[in-house]
Amino acid sequence: MTSKGNEREDVKRRISVFDFDGTLTRRDTLLLFARHALGRHAAHLAILRTLPHILAWKLGLITNSKAKEKLFGHMFGGMPYADFKAYGESFADIVDRNMRKQGCGALEMAIMRGEETVIDSASVEEWILPWARRHGVSRVLATRPEVADGRLTGRFATPNCVGAEKVNRLRRIIADRDSIYISAYGDSGGDAQLLEYADEPHLLKRRPRKDIRVAIWFLAVTLLLAIAAMTAWNKYITSPPYVDPARFPVRGIDVSAHNGMMNLDAAAAAGIEFIFLKATEGTDFRDPNFALNYLKAGHAGMKRGAYHFFRFDSDGTSQAQNLLKALRGRPLELGIAIDVEDHGNPSGIPFDSITTRLQDMTDYLNLKGYRVTFYSNEAGYSKYIYPAFRGFPIWICSFSEDTASEPFTYWQYNHRGQVPGIIGDVDLNVFGGDREAWQNHLRETAK
């Protein structure tokens, strides 16, 4: 501890100001909160997506605040603000389990002395305020997120509250600096200006440089492992398995406008018997090639199905109506499929909201006479489809041969298939049964 005076001046007002991360807590709370709100996997994926910006910050190419905003955007952009605030309220319990004894002891003493207490932090206000209220803190000065139409934009509405901005925020709540005695507590270079501004600065002991070097090496090794893992995933794990044509004689594909112009007569001549065509996504998007691809597939003699990409953040009934408007009553031998997966959807949508919207869409389509097939990967199937929609036809995406022994109606086993008449990669599928089962399925599913 250092001090600008041995004795406090006789003043009318005393304020104790505390940094939050590393001063009152043992750990940085951004990652803790992200794990709490998004789950460990989604939080770490956001960090991986932000690595180029983190490295640019370390190299001095961009500011810490810019890198932090990019990370915040990857984590929370698009999340409903009401959900974000609710996660902040429940996060107070997690903060209590990660408090730093030295900093919190100083906070308790300041409150006991009757001083006004202020948290002045670069972390986000919504996850500090609930903890601050619980512990009797007078005021919170922190970074605020930008909100538009009830959702987080992923940007900050205020400057990142670090360095000189901490002093700027404090000055705005002080009418007469000369009549106030300020004690300040921090633990890092981001608190330097605040400590300099205070009458009584307290720099809490930081981690030894050895620990910092170990952390940097850990981040470097983690980055290399992540790159290696993604390479391995791309080259080996997603490699298509062998599909026994005797067990799965009925072959198919699924396409969208991304596949461009196609000669489906050539694909049918090569043995492709069925096709799923992307029709819609969310409440307003319609695939521009759906009608053309539908006609081509019919001319080629393929059995046709239509699929809709389900949006977690959109009303289920409205999504069903968008799909039916795009179909315009066109006959579909395979009916319709709903694509349900995390990839391509915003993170942070409450699970109950997702399942309710999916149930609403399914119920609406059932009332219109359609029997829904659900498409997802294995993780999405376990998370969203089973057990809420047991008994419905399942179209599973998997690169494991073991999947074939499960009771799935369709199996998508390759994202990089090559089919005559189609330029570039196309998804390959098989029906999960023999010829007799296929004919029975067509009788049950046609719409």
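The coordinates are above.
So, how was this worked out
Residues numbered from 1 in each chain as written. Predicted model: local features only at pLDDT ≥ 70, side-chain atom pairs only at ≥ 80, totals over all residues. Heavy atoms only, no water. Phe/Tyr/Trp six-rings, centres within 6.5 Å; stacked < 30°, edge-to-face > 60°. Helix = DSSP H or I, 4+ residues; strand = E, 2+ residues; numbered from the N terminus. Buried < 20%, exposed > 50% of the residue type's maximum accessible area, 1.4 Å probe, protein only. Lys NZ or Arg CZ within 6 Å of the ring centre and 35° of its normal. Expected span 1.5 Å × (residues − 1). Contact = heavy atoms within 4.5 Å. Polar contact = N/O pair within 3.5 Å; in protein donor to acceptor, adjacent residues only side chain to side chain. Axes fitted to C-alpha atoms, helices over the stretch in contact; angles between N-to-C directions. Parallel < 35°, antiparallel > 145°, perpendicular 65-115°, else oblique. Left-handed = near helix turned anticlockwise from the far one by under 90°. Salt bridge = Lys/Arg side-chain N within 4 Å of Asp/Glu carboxyl O. Arc of directions from axis to C-beta.

J.: For the packing of aromatic side chains, give the residues involved together with the corresponding values.
T.: For the structure shown, the criterion picks out 32 aromatic pairs. An angle of 85° between the planes, with centres 6.2 Å apart, marks the rings of Y307 and W395 as edge-to-face. Taken together, the residues Y307 in strand β11 (residues 303–309) and W395 in strand β14 (residues 394–397) connect sequence positions 88 residues apart. Here Y307 and W395 have matching classes, each one buried. Measuring from centroid to centroid gives 6.0 Å for F389 and F392, while their planes differ by 75°, and the two rings are edge-to-face. Look at F389 and you get buried, because its relative accessible area is 2%. Owing to a relative accessible area of 24%, F392 belongs among the partly exposed residues under this scheme. One aromatic cluster is present, formed by F274, F276, Y307, Y375, W395, Y410, F431 and W438 through successive ring pairs. Seen from the ring of Y294, R304 lies directly overhead, with NZ or CZ sitting 4.0 Å from the centre. Positioned above the aromatic ring of Y294 is the side chain of R330, whose terminal nitrogen or guanidinium carbon lies 5.7 Å from the ring centre.

J.: Lay out helix α12 (residues 316–327) with the relevant residues and their values.
T.: Each α-helix turn comprises 3.6 residues. Residues three or four places apart therefore point the same way. With 12 residues, α12 extends 17 Å from end C-alpha to end C-alpha; this agrees with the ideal 16 Å at 1.5 Å per step. Residues of α12 that are buried: G316, Q319, A320, N322, L323, L324, A326 and L327. Where α12 is buried, its residues contact β9 (272–281), β10 (285–286), α11 (290–299), β11, β12 (336–339) and α13 (351–367). One side-chain oxygen of the residue at the start of α12 lies 3.3 Å from the amide nitrogen of T317, identifying that residue as D315.

J.: Tell me about the packing of helix α1 (residues 29–38) against helix α4 (residues 81–96), and please be specific about residues and values.
T.: At a closest axis distance of 10 Å, the pairing of α1 and α4 adopts a crossing angle of 115°. If you check the angle between α1 and α4, you find them roughly perpendicular. With respect to the hand of their crossing, α1 and α4 are arranged in right-handed fashion. Contact with α1, carried on its side by T29, L32, F33, H36 and A37, involves F84, Y87, G88, S90, F91 and I94 of α4 and no other residues of that element.

J.: Please set out the pattern of salt bridges residue by residue, giving values where relevant.
T.: For the structure shown, the criterion picks out 19 salt bridges. With a closest N to O distance of 2.9 Å, E116 and R13 form a salt bridge. Highlighted residues: E116 in strand β2 (residues 116–124) and R13 in strand β1 (residues 13–18), separated in sequence by 103 residues. On the accessibility criterion, E116 (18% relative accessible area) is buried. K166 is the partner of D19 in a salt bridge, and the nearest nitrogen-oxygen pair spans 2.8 Å. Of this pair, D19 sits in the loop between β1 and α1 while K166 sits in helix α7 (residues 164–172), and the two are 147 residues apart along the sequence. Taken together, the shared-partner salt bridges connect R13, E116 and R139 into one network.

J.: Quick one: what's the story with α11, residue by residue and with numbers?
T.: Inspection of α11 places F290, N293, Y294 and A297 among the buried residues, and these make up the whole buried set. Across the axial projection of α11, the buried residues extend over an arc of 105°, all falling on one side. In α11, the exposed positions that point more than 90 degrees away from the buried face belong to L295 and H299. Looking at the buried positions of α11, the neighbouring elements they touch are β8 (251–255), α10 (264–269), β9, β11 and α12. Downstream of α11 by a residue or two, G301 has a phi angle that is positive, lying close to 85°.

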